[in-house]
Amino acid sequence: MTEKKNDRFLVRLQRLKMRAAAVQPNDRAQITALLDDVGTLRDQLMRECVRLDQEFNRATAQVTAITAYGRSAQSVRALRRGH
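What counts and how
Residues numbered from 1 in each chain as written. Predicted model: local features only at pLDDT ≥ 70, side-chain atom pairs only at ≥ 80, totals over all residues. Heavy atoms only, no water. Helix = DSSP H or I, 4+ residues; strand = E, 2+ residues; numbered from the N terminus. Rg over C-alpha atoms; globule rule 2.2 N^0.38 Å. Buried < 20%, exposed > 50% of the residue type's maximum accessible area, 1.4 Å probe, protein only. Areas by Shrake-Rupley, 256 points an atom, 1.4 Å probe, with all protein chains shown as cover. Lys, Arg positive; Asp, Glu negative; His and termini not counted. Charge placed at Lys NZ, Arg CZ, Asp CG, Glu CD. Expected span 1.5 Å × (residues − 1). Contact = heavy atoms within 4.5 Å. Polar contact = N/O pair within 3.5 Å; in protein donor to acceptor, adjacent residues only side chain to side chain. Salt bridge = Lys/Arg side-chain N within 4 Å of Asp/Glu carboxyl O. Axes fitted to C-alpha atoms, helices over the stretch in contact; angles between N-to-C directions. Parallel < 35°, antiparallel > 145°, perpendicular 65-115°, else oblique. Left-handed = near helix turned anticlockwise from the far one by under 90°.

(A) Structural view of the overall build of the protein chain. When you go through the protein chain residue by residue, the secondary structure sums to two helices and zero strands. Its C-alpha atoms give the protein chain a radius of gyration of 25 Å, clearly above 12 Å, the size a compact globule of 83 residues would have. Within the protein chain, the proportion of its 83 residues that are buried is 7%. For the protein chain, the computed accessible surface area is about 7,400 Å², with 58% contributed by carbon and sulfur atoms. The distance from the centre of the 16 positive side-chain charges to the centre of the 9 negative ones in the protein chain is 10 Å.

(B) Helix H2 (residues 28-81), seen in detail. Here H2 spans 79 Å end to end across 54 residues, near enough to the 80 Å set by a 1.5 Å rise per residue. Those residues of H2 that fall on the buried side of the exposure criterion are Leu34, Leu41 and Glu48. Next to the buried residues of H2 lie helix H1 (2-22).

(C) Structural context of the environment of glutamate 48. Here glutamate 48 lies in helix H2. Sequence separation between glutamate 48 and alanine 78 is 30 residues, and the spatial gap between their C-alpha atoms is 45 Å. Apart from the residues lying within four places of it in its own chain, the contact partners of glutamate 48 are Thr2, Lys5 and Phe9. Among the polar contacts made by the side chain of glutamate 48, one reaches the side chain of arginine 51 at a distance of 2.7 Å.

(D) Highlighting the pattern of salt bridges. Tallied over the entire structure, the rule returns four salt bridges. Here arginine 42 makes a salt bridge to aspartate 43, at a shortest N to O gap of 3.9 Å. On the accessibility criterion, arginine 42 (51% relative accessible area) is exposed. The network of salt bridges with shared partners includes Glu48, Arg51 and Glu55.

(E) Focus on the packing of H1 against H2. Interhelical geometry of H1 versus H2 gives an angle of 160° and a closest axis separation of 11 Å. As the angle between them shows, H1 and H2 are arranged roughly antiparallel. The way H1 lies across H2 gives a crossing that is left-handed. Contacts between H1 and H2 involve Thr2, Lys5, Phe9, Arg12, Leu13, Leu16, Arg19 and Ala20 from the former and Ala33, Leu34, Asp37, Val38, Thr40, Leu41, Gln44, Leu45, Glu48 and Arg51 from the latter.

Worth remembering: the numbers are spatial, not functional.
Structure follows, in structure tokens:
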């Protein structure tokens, strides 16, 4: 799903790039519409960045918990062996 979303962002960015190249400098309406579309895409990308950051933080917390559990289990095994 994330790959599809990334592809969608890239396609939209490419379309915006083509539209920007085709816009006439004196066409204020087209420039305003283009700026609005760029702003919308930027907002969506920022939300995606926040989502990815939260996902990364969750994964980091899980790794920390798993590591702590592993160390705890190791110390219990060492105590059972008499070390």
